[in-house]
Amino acid sequence: MLDALTAVLRGTRLVYRPGLRRYVFAPIAINLVVYALLLRYVLAHFGGWLDGWMAMVPAWLDWLSWLIWPLFLISLVVIVFFTFTLVTHLIAAPFYGFLAAKVEVLATGREPLDDRGLARTAVDALGRELVKLAYILPRMALLFLISWIPAINLAAPLLWALFSAWVMAITYLDYPMDNNKVSFAEMRRRLGQRRWPTLTYGGWVTLITWIPLANLFLLPGAVAGAVLMWDAHYRGLTMPRQA
């Protein structure tokens, strides 16, 4: 059975073949500009954000400042990471949807079930990204609140790591599933049925996203890897019968 790391590595080799590169370099160029603007803004304000958070720590917890400060730092870095990721994926979504469709034909010999046409697919891809945001943001806010609760917030880094892997799996595995008319709710159900490959794939993609600049060139490989994972682990799962 195909494992997550092999899927990502094979996918990275696939996307830089002639014929697929046009779907890779366009979002890279756009995201480089966005990346530079967001990075400049974050670097200018990061220290102030962290100082503001620490100023809100009650005096009776001063003795725990040695522990609270790194927890706040980690949580803030993760929040910034999610913001970067969500913005760049919103921009790249239409390109990644087309890329996933082309990779599916090349790697599996099967045409996706999608028959919406180029323009409709691009518009629907943006709509699907908004659906993902509606799912992700409330859960992200809940984790943010947990990061502030004494004692419970000690588990925050682990919870953020698991959440990151789940979100990355949802984000990338959704491209081939959307192309094959799998609804967002059904997609989540299938991911839950294959939890280990889902989380390991999401974990590897999360690690890739943490590599500055290089991640823009590696993430298209994660899209192709998602197609391979879809074909190996999720395509054969059927919807439950209605009673």
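- Within an unreviewed UniProt entry, the label attached to the protein chain reads Sulfate transporter CysZ, and the organism entered is Halomonas salifodinae.
- Quoted verbatim from the Sequence similarities (unreviewed entry) field of the UniProt record, the comment on the protein chain reads "Belongs to the CysZ family."
- Check the Function (unreviewed entry) section of the UniProt entry for the protein chain; it says "High affinity, high specificity proton-dependent sulfate transporter, which mediates sulfate uptake. Provides the sulfur source for the cysteine synthesis pathway."

1. A word on helix α8 (residues 214-234)
- Taking 1.5 Å per residue as the helical rise, α8 with its 21 residues ought to reach 30 Å, and the 29 Å between its terminal C-alpha atoms agrees with that figure.
- Most of α8 is tucked away: 16 of the 21 residues are buried.

2. Comments concerning the pattern of salt bridges
- The full count for this structure, using the stated rule, is eight salt bridges.
- Its salt-bridge partner being Glu104, residue Arg235 comes within 2.9 Å of it at the nearest N-O pair. Linking Arg235 in the segment after α8 with Glu104 in helix α3 (residues 65-108), this pair joins segments that are 131 residues apart in sequence. Across this residue pair, the class does not change: Arg235 and Glu104 are buried.
- Between Lys132 and Asp174 there is a salt bridge, with the nearest N and O atoms lying 3.3 Å from each other. Taken as a pair, Lys132 in helix α4 (residues 118-146) and Asp174 in helix α5 (residues 156-179) lie far apart in primary sequence, 42 residues in all. In this structure, Lys132 and Asp174 share a single accessibility class: buried.
- A single network of salt bridges, built from pairs that share partners, joins Arg128, Glu129, Lys132, Asp174 and Asp178.

3. Focus: the packing of helix α1 (residues 4-15) against helix α7 (residues 195-209)
- In the contact formed by α1 and α7, the axes pass within 8 Å of each other and the chain directions differ by 50°. Taken together, α1 and α7 sit at an angle that is classed as oblique. Handedness of the crossing formed by α1 with α7: right-handed. Where α1 abuts α7, its residues Ala4, Leu5 and Val8 lie against Pro197, Thr200, Tyr201, Trp204 and Ile208.
- Across the contact of α1 with α7, the residue classes tally to seven nonpolar, one polar and no charged.

4. What to know about the packing of α7 against α8
- Relative orientation of the contacting elements α7 and α8 amounts to 175°, with a least axis distance of 10 Å. One finds that α7 runs roughly antiparallel with respect to α8. Seen from α7, the contacting residues are Pro197, Thr198, Tyr201, Val205, Ile208 and Thr209; seen from α8, they are Asn215, Leu218, Leu219, Ala222, Val223, Gly225, Ala226, Met229, His233 and Tyr234.

5. Let's talk about the nonpolar core
- Counting residues in hydrophobic clusters, the biggest one holds 55 residues, and the most contacted among them are Leu99, Tyr172, Leu173 and Tyr201.
- With twelve residues, the top contributor of residues to this core is α5.
- Setting aside chain neighbours within four positions, we find Tyr201 in contact with Ala4, Val8, Met168, Ala169, Tyr172, Leu173, Ala222, Val223, Gly225, Ala226 and Met229.

6. Observations concerning the side chain of Glu129
- Positionally, Glu129 belongs in helix α4.
- If sequence neighbours within four positions are ignored, Glu129 has contacts with His89, Leu90, Ala93 and Tyr175.

7. Observations regarding unusual backbone geometry
- The phi dihedral of Lys181 falls on the positive side, at around 60°, and the residue is not glycine.
- With respect to the helices and strands, the residue Lys181 is situated in the loop between α5 and α6 (184-193).

8. Here's the deal with the packing of aromatic side chains
- Tallying each qualifying case throughout the model produces seven aromatic pairs.
- Where Tyr96 meets Tyr172, the ring centres are 6.4 Å apart and the plane angle is 40°; that geometry is what we call tilted. Of this pair, Tyr96 sits in helix α3 while Tyr172 sits in helix α5, and the two are 76 residues apart along the sequence. Note on accessibility: Tyr96 and Tyr172 belong to one class, buried.

9. Let's talk about the UniProt feature "transmembrane region" (unreviewed entry) in the protein chain
- The UniProt record annotates "transmembrane region" (unreviewed entry) at residues 23-43, 63-92, 133-152 and 198-230.
- Helix makes up 70% of residues 133-152 and strand makes up 0%, while its end C-alpha atoms are separated by 26 Å.
- The annotated region residues 198-230 carries 88% helix and 0% strand content, and the separation between its end C-alpha atoms amounts to 10 Å.

Calculation criteria
- Residues numbered from 1 in each chain as written.
- Predicted model: local features only at pLDDT ≥ 70, side-chain atom pairs only at ≥ 80, totals over all residues.
- Heavy atoms only, no water.
- UniProt positions renumbered as here; feature names shortened; annotations may be inferred.
- Helix = DSSP H or I, 4+ residues; strand = E, 2+ residues; numbered from the N terminus.
- Expected span 1.5 Å × (residues − 1).
- Buried < 20%, exposed > 50% of the residue type's maximum accessible area, 1.4 Å probe, protein only.
- Salt bridge = Lys/Arg side-chain N within 4 Å of Asp/Glu carboxyl O.
- Axes fitted to C-alpha atoms, helices over the stretch in contact; angles between N-to-C directions.
- Parallel < 35°, antiparallel > 145°, perpendicular 65-115°, else oblique.
- Left-handed = near helix turned anticlockwise from the far one by under 90°.
- Contact = heavy atoms within 4.5 Å.
- Nonpolar A, V, L, I, M, F, W, Y, C, P; charged D, E, K, R; others polar.
- Core = buried A, V, L, I, M, F, W, Y, C linked by side-chain atoms within 4.5 Å.
- Phe/Tyr/Trp six-rings, centres within 6.5 Å; stacked < 30°, edge-to-face > 60°.

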